[in-house]
Amino acid sequence: MAKFWLGIMLILVGGLNTAYAASIVVFGDSISAAYGIEVNKGWVAKFQQKLKQHKKPYQVINASVSGETTSGGLSRLPQVLSQYQPQILILELGGNDGLRGQPPKLMQQNLQKMIQQAKQQKIKVVLLGMKIPPNYGKAYNQAFEKAFVDVANTEQVPFVPFFLEGVGGNDDLMQADGIHPNEKGQDRLLQNVWPIMEKVWKQK
């Protein structure tokens, strides 16, 4: 009888351990950290809910930090990858580099290094691109946007050119600061990410 119950316990524990076949780490800044709204109403939380609805066996870990730059992300990523060992990394960094006027080439190098670190561990990477307000000047804006495109092309990773597509500049979907999406804008952020994720799953 003792062996019987031990067997049942092992089955139950095994079932708990395999509830999620793999994890997805969202590695971003305040946009993904749900700045200014409740975390459980941010796009990352909604992403986990949608995965569950579609019976996708992934646990989503939100490793986003408000104010994070690509330099900060580069130093922080090894520990995050070691801790969570994800199958997929969604990389959403660069916006703060642009807002601080940092060199796009430095941002590009940092993004590439992070992607390469993940690839070395057989982790699939999805890159979310960003744009910045026009007041930074045409030349800087073009160099900033081109950096994301060049990284995606060089590293051959799935790419969303503008993560805030349909949200940025829309007062109904943005907070008063004009930088962070509000609660209503979170659904559109998820809509911008979901199609590229479906392509990633089909590539298995």
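The model shown is predicted, which means the values in this text are computed figures rather than measured ones.

What counts and how
- Residues numbered from 1 in each chain as written.
- Predicted model: local features only at pLDDT ≥ 70, side-chain atom pairs only at ≥ 80, totals over all residues.
- Heavy atoms only, no water.
- Salt bridge = Lys/Arg side-chain N within 4 Å of Asp/Glu carboxyl O.
- Buried < 20%, exposed > 50% of the residue type's maximum accessible area, 1.4 Å probe, protein only.
- Helix = DSSP H or I, 4+ residues; strand = E, 2+ residues; numbered from the N terminus.
- Core = buried A, V, L, I, M, F, W, Y, C linked by side-chain atoms within 4.5 Å.
- Contact = heavy atoms within 4.5 Å.
- Axes fitted to C-alpha atoms, helices over the stretch in contact; angles between N-to-C directions.
- Parallel < 35°, antiparallel > 145°, perpendicular 65-115°, else oblique.
- Left-handed = near helix turned anticlockwise from the far one by under 90°.
- Nonpolar A, V, L, I, M, F, W, Y, C, P; charged D, E, K, R; others polar.
- Expected span 1.5 Å × (residues − 1).
- Bend = angle between axes of the 7 residues up to and from the residue.

## Concerning the pattern of salt bridges
Oppositely charged side chains can form a pair if their charged atoms are brought close together. Under the criterion given, the structure shown has six salt bridges. Between Arg76 and Glu68 there is a salt bridge, and its shortest N-O distance comes to 2.6 Å. We classify Glu68 as buried; its relative accessible area is 11%. Among the salt bridges present, the one from Glu155 reaches Lys119, with a minimum N-O distance of 3.2 Å. Of the two residues, Glu155 is situated in helix 6 (residues 138-155) and Lys119 in helix 5 (residues 104-120); the sequence distance between them amounts to 36 residues. For Glu155, a relative accessible area of 8% corresponds to the buried category. On the basis of relative accessibility, which here comes to 35%, the residue Lys119 falls in the partly exposed class.

## Brief notes about the environment of Pro78
One can find Pro78 in helix 3 (residues 70-84). Residue Pro78 is classed as partly exposed on the basis of its relative accessible area of 39%. Along the chain, Pro78 and Met114 lie 36 residues apart, while their C-alpha atoms are 8.7 Å from each other.

## Some words on the nonpolar core
Counting 58 residues, the largest nonpolar core has Phe27, Trp43, Phe47, Ile90 and Met197 as the members making the most contacts within it. Here this core gets eight residues from one element, more than from any other, and that element is helix 7 (residues 186-202). Filtering out sequence-adjacent residues up to four positions away, Met197 remains in contact with Ile24, Phe47, Ile88, Ile90 and Val126.

## Points about the packing of helix 2 (residues 43-53) against helix 7
At a closest axis distance of 9 Å, the pairing of helix 2 and helix 7 adopts a crossing angle of 50°. In this view, helix 2 runs oblique relative to helix 7, as classed from their interaxial angle. Handedness of the crossing formed by helix 2 with helix 7: right-handed. Taken together, the residues of helix 7 that come into contact with helix 2 (itself represented by Trp43, Lys46, Phe47, Lys50 and Leu51) are Gln186, Asp187, Leu189, Leu190, Val193, Trp194, Met197 and Trp201. The class makeup of the residues in the contact of helix 2 with helix 7 is nine nonpolar, one polar and three charged.

## With respect to unusual backbone geometry
In this structure, Lys55 takes a positive phi of about 55° despite not being glycine. Note on placement: Lys55 falls in the loop between helix 2 and strand 2 (58-62). With relative accessibility at 73%, the residue Lys55 sits in the exposed group.

## Describing helix 7
With 17 residues, helix 7 extends 25 Å from end C-alpha to end C-alpha; this agrees with the ideal 24 Å at 1.5 Å per step. At Trp194, helix 7 shows its maximal kink, close to 30°; a proline, Pro195, follows between one and four residues later. All of the buried residues in helix 7 are Gln186, Leu189, Leu190, Asn192, Val193, Trp194, Ile196, Met197, Val200 and Trp201. On its buried face, helix 7 is in contact with strand 1 (22-28), helix 2, strand 2, strand 3 (88-92), strand 4 (124-128) and strand 5 (159-160).

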